[in-house]
Every structure is written in structure tokens, then in C-alpha cells.
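Residue-level structure breakdown
Listed below are the residues making up each chain.
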Amino acid sequence: MKDKWTPSPKVRKAPEKATLHPRNKHQGHYDFETLTKVCPDLAQYVFVNEYKTKTIDFANPVAIKWLNRALLKAQYGINFWNIPKNYLCPPIPGRADYIHYMADLLAETNGGTIPTGKSVSVLDLGVGANCIYPIIGICEYGWLFTGTDIDAEALVSATKIIEGNPQLAGLVELRRQKSADSIFSGILRPDDRFDFCICNPPFFRSEDEARSANQRKVSNLKNDKSVKPALNFGGQYAELVCKGGEMAFIQKMIAESVECKDQFRYFSTLVSKSDHLKPLLNSLNYHKTPIIKAIEMSQGNKKSRILVWGF
């Protein structure tokens, strides 16, 4: 983003965040005064930047974790949230956008009203150690969630988060995916019916590619304190990497969705790279998918999209 302001010798106006979904609670700049009140441990990572505004070092994974704890407590009433060292620490505003856009999609066929409560059932493919999508979906809309993951330690962490917050009790079921070659197969039960699935697929084709991207991002953050990170740091191999990267994962997801199409109203996934969208749309057309929608999202300097399809 180019500066559109006249620089002052002492103070520059801080750039605004890109537009989030209208119902997203994380509009504008972070209110660090409020956040440090609800989470005092965050205060040690807060400093005043060149724009004379309070911020944190977004290249510091420990600071990011404390920021997430504060956001979850202040905005969603989550009193316990923790993840093991080196696990993915998600950018909460972007995750909230995904949930809100899917709520809008459900409203389109519900007379413009978002369905809430246990009437809506969601499958979270790769719930992760952070359990972030169920947290937001339950706190905002009261939906039911089933979370899957291939990593046993991630599911242990997610279980602790659920057990540590009474408002999540009875609304999240966790299942272990035992096959690295499957997405839906081995997870779904014959009587399962879901309104939609959500997915944040592994982005990278190799660990070296993930490490290189992370190093570039750290360098960018160190050089420009106004830049908000596109995604936070950390992440286990299964969270970040799969053979063929994002494209191969989503192609497989599309192929498998044909086999379980009667158990879902919609399928959805994040698509991080814009040049992946056209071949994925071609794949959906090949499978004669009657419902296809791409929803654009912007968070900070990052642009992504939600790909939705249904039969």
C-alpha cells in the first residue's frame, strides 16, 4: 500500500487496515489499552512506534500469542487459550472474516436471516491446536462444530481449550484423521450431515519453501513496522506443508467431495494464491459442480479468497 499522506518531520499517520467484514469485531487498529487490561501479560510486548501509536513486534511469535489471548478474552470471553510451542498461531481477524462470510452464505437461502444455534453443523478440516474456527463460530452464532486433524498433539491442545471454556462445552466434537492421503475419507460417518465445511489448507510444497517464505516475511516486518503480517508465525509440518502444496490439496478435496456430496450443503476452503483460482474453477466445472462461488477477502496487506462449491 502506498502512503497517501504528507509525512511530518516527527509523526506520520499510521495506515489503516484493509476492510474487514462489517460484523468483524476487529475493525481498525488494535485497542492495546483495552487489551492490556484484560490480559496484563501482553503489556510487556507493547511499544509506541514511529506513528506514535501503540503496537507490538509482529515478527515475535510470543507477542503474537499474547495478542491472540487478549483478543479472544476481550472479544469472545475466552478465558483459557494456549497452543504448544511452534504450532500455528492464527491471525484472528482473518479467521473471523471466513466465519462471517459463510454465515452470509447461509442467510442467502434463509430469507436473509443468518441461522444460529445447533441447527447449523460445521466440519472444520484441520482444526489445529488453536481451535480458532469453532471458538469464533460458537461465540458468534452458536453453531455445532466437528473438528478434524491428523496431528494427535493438536487435538490434545484443542481438547484443553474446549474444556477450559464452558461456553464451548458440548458444541465441538474432535476426530483424528489417521490417513495422510485422505481428507474426508476415514472421518465421515454414514449419518453425518453438515451445512458446510471450512478449511485452511497447507500452503507450501516443501519445508524449505515454507521456511523461505517465513524468512521473507520476517525481513519485511523488520523493515516496515506499519506492515501487518499476512499470517502469524509458527506451524507444524502438517499445518503448513503437503506434497504439491495448496493446489494439490484443494484439488484432492474437490475430488473427494464428489464422493460425499450428499452429506454437505456446501464445501469451502481458503485459497491464498490468486493464480490458483482459475485451475480450481476448471476442476469444479469438470466435476459438473452446479454451485460455485469465490468470495474475496482482505486483511491488512493480505488478500485471499474463499472458494465455495456444492452439489
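Above this text is the structure in question.
What you see is a predicted model, and the numbers here were worked out from it, not measured in a lab.

Calculation criteria
- Residues numbered from 1 in each chain as written.
- Predicted model: local features only at pLDDT ≥ 70, side-chain atom pairs only at ≥ 80, totals over all residues.
- Heavy atoms only, no water.
- Helix = DSSP H or I, 4+ residues; strand = E, 2+ residues; numbered from the N terminus.
- Buried < 20%, exposed > 50% of the residue type's maximum accessible area, 1.4 Å probe, protein only.
- Contact = heavy atoms within 4.5 Å.
- Areas by Shrake-Rupley, 256 points an atom, 1.4 Å probe, with all protein chains shown as cover.
- Axes fitted to C-alpha atoms, helices over the stretch in contact; angles between N-to-C directions.
- Parallel < 35°, antiparallel > 145°, perpendicular 65-115°, else oblique.
- Left-handed = near helix turned anticlockwise from the far one by under 90°.
- Nonpolar A, V, L, I, M, F, W, Y, C, P; charged D, E, K, R; others polar.
- Phe/Tyr/Trp six-rings, centres within 6.5 Å; stacked < 30°, edge-to-face > 60°.
- Lys NZ or Arg CZ within 6 Å of the ring centre and 35° of its normal.
- Core = buried A, V, L, I, M, F, W, Y, C linked by side-chain atoms within 4.5 Å.
- Pairing = 2+ DSSP bridges.

A tally of helices and strands in the protein chain yields nine helices and nine strands. Within the protein chain, buried positions represent 51% of all 311 residues. Excluding contacts between residues fewer than 6 apart, the proportion of contacts in the protein chain whose partners are at least 24 apart in sequence is 71%. Carbon together with sulfur atoms contributes 51% to the accessible area of the protein chain, which is approximately 14800 Å² in total.

Moving on to the packing of helix 8 (residues 245-259) against helix 9 (residues 277-286). Axis separation between helix 8 and helix 9 bottoms out at 10 Å; the angle between their running directions is 15°. Here helix 9 runs roughly parallel to helix 8, going by the angle between their axes. In this structure, the crossing between helix 8 and helix 9 has a hand that is right-handed. In contact with M247, I250, Q251 and I254 of helix 8, helix 9 contributes P279, L280, S283 and L284. Among the residues forming the contact of helix 8 with helix 9, the class breakdown is six nonpolar, two polar and no charged.

In this section: the packing of aromatic side chains. Per the counting criterion, the structure on display carries 11 aromatic pairs. Taking 6.0 Å as the distance between ring centres and 70° as the angle between the ring planes, the aromatic pair formed by Y30 and F32 counts as edge-to-face. Each member of the pair, Y30 as well as F32, is classed as buried. Members of the aromatic cluster, connected to one another through ring pairs, are F184, F194, F264, F267, W309 and F311. Directly above the ring of W66 sits R69, whose terminal nitrogen or CZ lies 4.3 Å from the centroid.

As a rule of thumb, nonpolar side chains are buried together in soluble globular proteins. Core analysis: the largest hydrophobic core is formed by 58 residues, its most contacted members being L42, I56, L67, W143, F196 and I198. Apart from the residues lying within four places of it in its own chain, the contact partners of I56 are F32, L42, Y45, V46, F47, A63, I64 and L67. Counting residues in each nonpolar core, the second largest holds 22 residues, with L123, M253, I254 and L284 among its members.

Next up on the list: the sheet that holds strand 7 (residues 264-271). One open sheet accounts for seven strands, arranged 5-4-3-6-7-9-8; its pairing is mixed. Looking at strand neighbours, the two that pair on one side only are strand 5 (172-176) and strand 8 (291-299), the edges of this open sheet. Ignoring strand direction, the axes of neighbouring strands in this sheet form an average angle of 20°. Of the pairings in the sheet, the one linking strand 8 to strand 9 (residues 302-310) comprises nine bridges and is antiparallel in character. For I291, the partnering residue across the bridge sits in strand 9 and is G310.

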